[in-house]
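Residues per chain are reported as follows:
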Amino acid sequence: MGAVADLEWYSTLLQLQAGLVSRAQLTESGWTKSDIRSAVRHNELRRVHPRVYVNHTGPLTFEQRSWAAILYAGRSAICGPTLAAPGTQRESDPIHVAIDQQRRVDPQPGIVLHRMVDLADHMFPDVLPRLRLEDNLLLMAGEANDEIDVIGVLGRGIGRRGVSVGEIRMALNRFPRLRRRAWIADVLNDLATGADSVLEHGYLAKVERAHGLPLGTRQALRRTSGGNQFRDIDYEAYGLVVELDGRIGHDSWDDQGNDADRDLDDLALANRMTARLRWRQIYGTPCRTATRIARILARNGWKERPTPCGDDCQLGT
């Protein structure tokens, strides 16, 4: 039979693909339909997906499930959470696979399909086809439910497995139609330069202006023994400074020390308390943040009341 004629090739392929093989690969090397049926009947092969087989009858490993998904989908690449968090997958977790936008692939249990324009431009040359890590982060960011989820995707990915902000900014050129592309580009620019302009605009629009808070002074100058410093938002009349921290990832020891010094300077030299806000407080829970800021301002003499930003505003929670 055709299978016997190429046992060396067959053994090499199974080793390369973690014990998985497709019907197309078998027939291209001389296997007949009868050969395949015989191998399945004798438990030498077991069907995993249509036209995809494994060479044992036991449970599949993560690598084998990944190969099975790739062989089923054809021209495709591992992507999404499957690529972003290897080694953390549970047995029940699906395998995420990217395919070209124009292709039609029928869904299968345990496989999640993602469609991409010009898939080949986003792939990294590897034995098991996968997306470039930076492209995968942007794919996940584009599919995120909201802006805070985008920040979560970037925060979990930047600095891990060698992925830098610069690489993600370059990869953005390969995503001309990415959802929220302009906003993501601004976030990446801020992260690259150390600025917080996206956070500053978000605080103004989503927290301060949307809820009728008083307008604070932006980039307020503070003179200290260490030189001139600037505070992001200063409510001078109410003894409150709001600092916006747009860093993603774990703060360094020096960063934490510098933040603490600035906060102490505000208390000791200017009699101001500091509220230090990050992405979640502004883009995730702006109404809750406005409530807290308003309470501090009211305690320090603000006589007005915050106003809801809309019908579904969470002010007061």
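Before any of the text, the structure's been laid out above.
Please read these numbers as outputs of a predicted model, since none were measured by experiment. (Residues numbered from 1 in each chain as written. Predicted model: local features only at pLDDT ≥ 70, side-chain atom pairs only at ≥ 80, totals over all residues. Heavy atoms only, no water.)

A.B. asks: Account for the packing of helix α11 (residues 197-208) against helix α14 (residues 286-299), with residues named and values stated.
C.D. replies: It is the contact of α11 with α14, at a shortest axis distance of 9 Å, that shows an interaxial angle of 80°. With respect to α14, the axis of α11 lies roughly perpendicular. Along its contact with α11, which presents Tyr-203, Lys-206 and Val-207, the element α14 presents Pro-286, Thr-289, Ala-290 and Ile-293. Broken down by class, the residue content of the contact of α11 with α14 amounts to five nonpolar, one polar and one charged. (Axes fitted to C-alpha atoms, helices over the stretch in contact; angles between N-to-C directions. Helix = DSSP H or I, 4+ residues; strand = E, 2+ residues; numbered from the N terminus. Parallel < 35°, antiparallel > 145°, perpendicular 65-115°, else oblique. Contact = heavy atoms within 4.5 Å. Nonpolar A, V, L, I, M, F, W, Y, C, P; charged D, E, K, R; others polar.)

A.B. asks: Before we move on, can you summarise the pattern of salt bridges with the specific residues and values?
C.D. replies: A complete count under the given rule lists six salt bridges for this structure. For Lys-206, the salt bridge is made with Glu-147, and the minimal N-O distance between the two is 3.6 Å. Taken together, the residues Lys-206 in helix α11 and Glu-147 in helix α8 (residues 147-157) connect sequence positions 59 residues apart. Of the residues examined, Glu-147 reaches a relative accessible area of 21% and is grouped as partly exposed. Put simply, Glu-134, Asp-135 and Arg-174 are held in one network by salt bridges that share partners. (Salt bridge = Lys/Arg side-chain N within 4 Å of Asp/Glu carboxyl O. Buried < 20%, exposed > 50% of the residue type's maximum accessible area, 1.4 Å probe, protein only.)

A.B. asks: Break down the packing of α8 against helix α10 (residues 181-193) for me, citing the residues and quoting the values.
C.D. replies: Taken N-terminus to C-terminus, the directions of α8 and α10 make an angle of 45°; their axes are 12 Å apart at the nearest point. In this view, α8 runs oblique relative to α10, as classed from their interaxial angle. Here α8 and α10 pass one another in a crossing that is right-handed. Residues Glu-147, Val-150, Ile-151 and Leu-154 of α8 form the contact with α10, whose own contacting residues are Trp-183, Ile-184, Val-187 and Leu-188. Classifying every residue of the contact of α8 with α10 gives seven nonpolar, no polar and one charged. (Left-handed = near helix turned anticlockwise from the far one by under 90°.)

So far we have only geometry, and geometry alone does not tell us how the molecule works.
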